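The residues making up each chain are set out below.
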Amino acid sequence: MDSDKLSALPQAFLHRMEDMLGDDFEPFLAAYEQPRTYGLRVNTAKISCEEFEQIVPFEVKKIPWVSNGYFYNEDVRPSRCALYQAGLYYLQEPSAMTPASRISVEPGEYVLDMCAAPGGKATAVGSALKGEGLLVANDISTTRARALLRNLELFGIPNLFVANEKPEKMVKNFPEFFHKIILDAPCSGEGMFRKEEALARDWTPEKSEELSRIQKQLCLNAADMLQPGGRCFILLVPLHLVRMSRSFPGFSGNGRNCL
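Predicted model, so just to flag it, every value in this text is computed and none were measured.

*Asks:* Before we move on, can you summarise the nonpolar core with the specific residues and values?
*Replies:* If you look at the biggest cluster of nonpolar residues, it comprises 19 residues, and the most contacted ones within it are Leu112, Met114, Met170, Phe178, Ile181, Leu183 and Met225. For this core, the secondary-structure elements that each account for two or more residues are helix 9 (167-173), strand 8 (178-184), helix 11 (205-225) and strand 9 (226-235). A total of four residues in this core trace back to one element, the largest contributor, which is helix 11. In contact with Leu112, other than residues within four places in its own chain, are Val136, Met170, Phe178, Lys180, Ile181, Ile182 and Met225. The next biggest cluster of nonpolar side chains, apart from the first, holds 18 residues, and it includes Phe155, Ile182, Phe233 and Leu235.

Below is the structure:
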């Protein structure tokens, strides 16, 4: 087991994970000795997976749980490939592809990605809309919103509006407007500890609690922007999810569902 990586994990974090995971705690620790995987997601709005496999100049392997996702080897630099510059694929870790691949989006729907930068989920949703309906991609950071716009433009998504607004202002402009909302809320980066030890060293329970309060407010903002019968997909790291479930049991009302 990679003792250096494990030694970087705060003891308070490990205790919480052990309490939460129970019998799955040991497999969680064992994951730290597994090699990192690298992935890309094909932009099916521009090219089919079959066509991509015929022209990609480096070795790829299908990701079993993402229909348009592929593994590539660590020594490959896919960001330097012309196919990437043409917007034919998006670079994303395989685990990070999973949420967007499970969100059911239909052409013609109005969809909001509340905390969208750098654009992993927004590009996936934009492709699924097939040029119909509307995608609003928002990020509160101006710098990150610019990067978000570049990625979405590169993907060639036409029915797009990129915003750089505070959520409370968006609530005033989009009351009960969206069919689907994606909320990848700001978090303490616990899922990144394995590859970024600096995040692990800086983690404290107090920082985690403060972010949890921010997440609760964002969830309430999202609910106010959902149409009756709409659905909100909330993505949280595990510790925050436990606290959120205690604060908002079921978190649904007026025909709106948050998952």
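*Asks:* Can you break down the packing of aromatic side chains residue by residue, with the values?
*Replies:* Applying the stated criterion across every chain yields a total of 14 aromatic pairs. When the centroid spacing of 6.4 Å and the interplanar angle of 70° are considered together, the rings of Phe58 and Tyr72 count as edge-to-face. Remark: Tyr72 occurs in strand 3 (residues 69-72) and Phe58 occurs in the loop between helix 4 (49-55) and strand 2 (60-62); sequence separation between them is 14 residues. Of the two residues, Phe58 and Tyr72, neither departs from the other in class, the shared state being buried. The interplanar angle of 80° and the centroid separation of 6.2 Å between the aromatic rings of Tyr90 and Phe155 together place this pair among those described as edge-to-face. Linking Tyr90 in strand 4 (residues 89-91) with Phe155 in the loop between helix 8 (142-154) and strand 7 (160-163), this pair joins segments that are 65 residues apart in sequence. Judged by relative accessible area, Phe155 falls into the buried class, the value being 2%. Through pairs of rings, three or more aromatic residues link up here, namely Tyr38, Phe52, Phe58, Tyr70, Tyr72, Tyr84 and Tyr89.

*Asks:* Break down the pairing of strand 6 (residues 134-138) for me, citing the residues and quoting the values.
*Replies:* Along strand 6, four of the five residues are buried, which leaves the element largely enclosed by surrounding structure. Strand direction decides the pairing type here: strand 5 (residues 110-113) and strand 6, joined by four bridges, are parallel. Bridged to Tyr110 within strand 6 is Leu134. In this region the chain leaves strand 5, passes through helix 7 (residues 120-129) and returns to the parallel neighbour strand 6; the handedness of that crossover is right-handed. Pairing geometry for strand 6 and strand 7, over four bridges, is parallel. Across the sheet, the residue bridging to Ala137 is Val162, located in strand 7. On the question of chirality, the crossover connecting strand 6 to the parallel strand 7 by way of helix 8 is right-handed.

Here is what the cut-offs are and how they apply
- Residues numbered from 1 in each chain as written.
- Predicted model: local features only at pLDDT ≥ 70, side-chain atom pairs only at ≥ 80, totals over all residues.
- Heavy atoms only, no water.
- Core = buried A, V, L, I, M, F, W, Y, C linked by side-chain atoms within 4.5 Å.
- Buried < 20%, exposed > 50% of the residue type's maximum accessible area, 1.4 Å probe, protein only.
- Helix = DSSP H or I, 4+ residues; strand = E, 2+ residues; numbered from the N terminus.
- Contact = heavy atoms within 4.5 Å.
- Phe/Tyr/Trp six-rings, centres within 6.5 Å; stacked < 30°, edge-to-face > 60°.
- Pairing = 2+ DSSP bridges.
- Right-handed = clockwise from strand over helix to strand, strands pointing away.

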